[in-house]
Amino acid sequence: PGSCEICYRSSKKLGFHHLIPKMTHKRVISKGLFSKEECRTRGLRLCGTCHRMLHKTFTHMELALQLNTLELIMENEVMVRYQAWAAK
């Protein structure tokens, strides 16, 4: 039990969102952008709705390179509008 880190709704079923998506791990590690440890551990606890929104809206590489912290996600215009709507 806890709250989603984007919409703040309470949920018994929060999933782990890798801030650096698994599909990009090999590429970003080989380029020296992130360590193996960072790839495995950097993440957010999200409800299914917010998790799906992120993956539906952004590519894996956009998430890995441009939206790899909660702060960067929440500064994105699309996510600002979504968070305002979802937090209602």
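Everything that follows concerns the structure shown earlier in this document.
Cut-off values and rules
Residues numbered from 1 in each chain as written. Predicted model: local features only at pLDDT ≥ 70, side-chain atom pairs only at ≥ 80, totals over all residues. Heavy atoms only, no water. Buried < 20%, exposed > 50% of the residue type's maximum accessible area, 1.4 Å probe, protein only. Helix = DSSP H or I, 4+ residues; strand = E, 2+ residues; numbered from the N terminus. Pairing = 2+ DSSP bridges. Arc of directions from axis to C-beta. Contact = heavy atoms within 4.5 Å. Phe/Tyr/Trp six-rings, centres within 6.5 Å; stacked < 30°, edge-to-face > 60°.

A word on the pairing of strand S4 (residues 43–46). In S4, alternate side chains face the same way, and those of Leu 44 and Leu 46 are buried while those of Gly 43 and Arg 45 on the opposite face are not. Pairing of strand S3 (residues 15–18) with S4 involves four bridges; the strand directions are antiparallel. Bridging from a neighbouring strand, Phe 16 pairs with Arg 45 of S4.

Now for helix H3 (residues 48–57). Every buried residue belonging to H3 is among Cys 50, Met 53 and Leu 54, and all of these are buried. Buried residues along H3 cover an arc of 95° about the axis, so they all sit on one side. In H3, the exposed positions angled more than 90 degrees off the buried face are occupied by Arg 52 and Lys 56. Where H3 is buried, its residues meet S3, S4, helix H4 (60–66), helix H5 (70–75) and helix H6 (77–86).

Before going further, it helps to spend a moment on the packing of aromatic side chains. By the definition in use, this model includes one aromatic pair. Between Tyr 82 and Trp 85 the ring centres are 5.8 Å apart and the planes differ by 45°, which places this aromatic pair in the tilted class. Taken together, the residues span about one helical turn, with Tyr 82 and Trp 85 both in helix H6 at a distance of three residues. On the basis of relative accessible area, Tyr 82 is assigned to the buried category, the value being 8%. Among the residues examined, Trp 85 registers a relative accessible area of 55% and is labelled exposed.

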